[in-house]
Amino acid sequence: MKHLDVAAIKDGSVIDHIDSKSTLKVADLLHIQNEEQVVLVGINLTSKFLKKKGIIKIEGKIIDQKEANKIALIAPNATVNIIKDYEVVKKFNTVIPEIIDGIVKCFNPNCVSNHNNIKTKQHVVNKNPIRLQCHYCERIMGAKDIVLI
């Protein structure tokens, strides 16, 4: 008999293969505290690929590409599964795009994007470790500088 560490959901999204240390950051990013339906968060689950992994299951919510791009900045190895009637109908890996629009705040306090009503825009200089360059002021940001909008 198959044993599940975390219960299945009927319809919604599952974010799997999250580094355990990043699971709560991803949960916060997805604003799970505002969800009305079932949300399951598992941390330090056994994984074949990671020593320990995190998983988030959200009943009734479909993760879109913009949310997946945000997740990729925190958990670049995560996978997103879209569930319908307890079956995976779509599965994709999170991918850090070449250009990040409207997701990351520039960490330069003097940047025009922090003072005018301008949509933020960063170019990905390096994906591992993550390094972003602001389109407007050209400052380079590392992982510790990234603040998601």
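The rules behind each value
Residues numbered from 1 in each chain as written. Predicted model: local features only at pLDDT ≥ 70, side-chain atom pairs only at ≥ 80, totals over all residues. Heavy atoms only, no water. UniProt positions renumbered as here; feature names shortened; annotations may be inferred. Buried < 20%, exposed > 50% of the residue type's maximum accessible area, 1.4 Å probe, protein only. Helix = DSSP H or I, 4+ residues; strand = E, 2+ residues; numbered from the N terminus. Polar contact = N/O pair within 3.5 Å; in protein donor to acceptor, adjacent residues only side chain to side chain. pLDDT = per-residue confidence, 0-100. Pairing = 2+ DSSP bridges. Axes fitted to C-alpha atoms, helices over the stretch in contact; angles between N-to-C directions.

- As recorded by an unreviewed UniProt entry, the chain carries the name Aspartate carbamoyltransferase regulatory chain and is attributed to Candidatus Brocadia sapporoensis.
- If you open the UniProt record of the chain and go to Function (unreviewed entry), you find "Involved in allosteric regulation of aspartate carbamoyltransferase."

Observations concerning helix α2 (residues 65-74)
For an α-helix the count is 3.6 residues per turn, leaving residues at separations of three or four pointing the same way.
Argument step 1. Along α2, 7 of the 10 residues are buried, which leaves the element largely enclosed by surrounding structure.
Argument step 2. For α2, the set of buried residues is E67, A68, N69, K70, I71, A72 and L73.
Argument step 3. Of the residues that open α2, the one with a side-chain oxygen 3.2 Å from the backbone nitrogen of K66 is D64.

Side note on the confidence of the model for the chain
Argument step 1. Of the residues in the chain, 96% have a pLDDT of 70 or more, and the chain-wide mean is 90.
Argument step 2. Mean pLDDT per element in the chain: strand β11 (residues 147-148) is the minimum at 84, and strand β4 (residues 79-84) is the maximum at 96.

Focus on the sheet that holds β4
Argument step 1. Spatial strand order, β2-β3-β1-β4-β5: 5 strands in an open sheet with antiparallel pairing. Strand pairing shows two members of the sheet lacking a second neighbour, β2 (39-46) and β5 (87-93), which therefore form its edges. Direction aside, neighbouring strands of the sheet carry axes that sit 20° apart on average.
Argument step 2. Bridge count between strand β1 (residues 12-19) and β4: 5 bridges; the pairing is antiparallel. Each bridged residue has a counterpart across the sheet, and for G12 the counterpart in β4 is I83.

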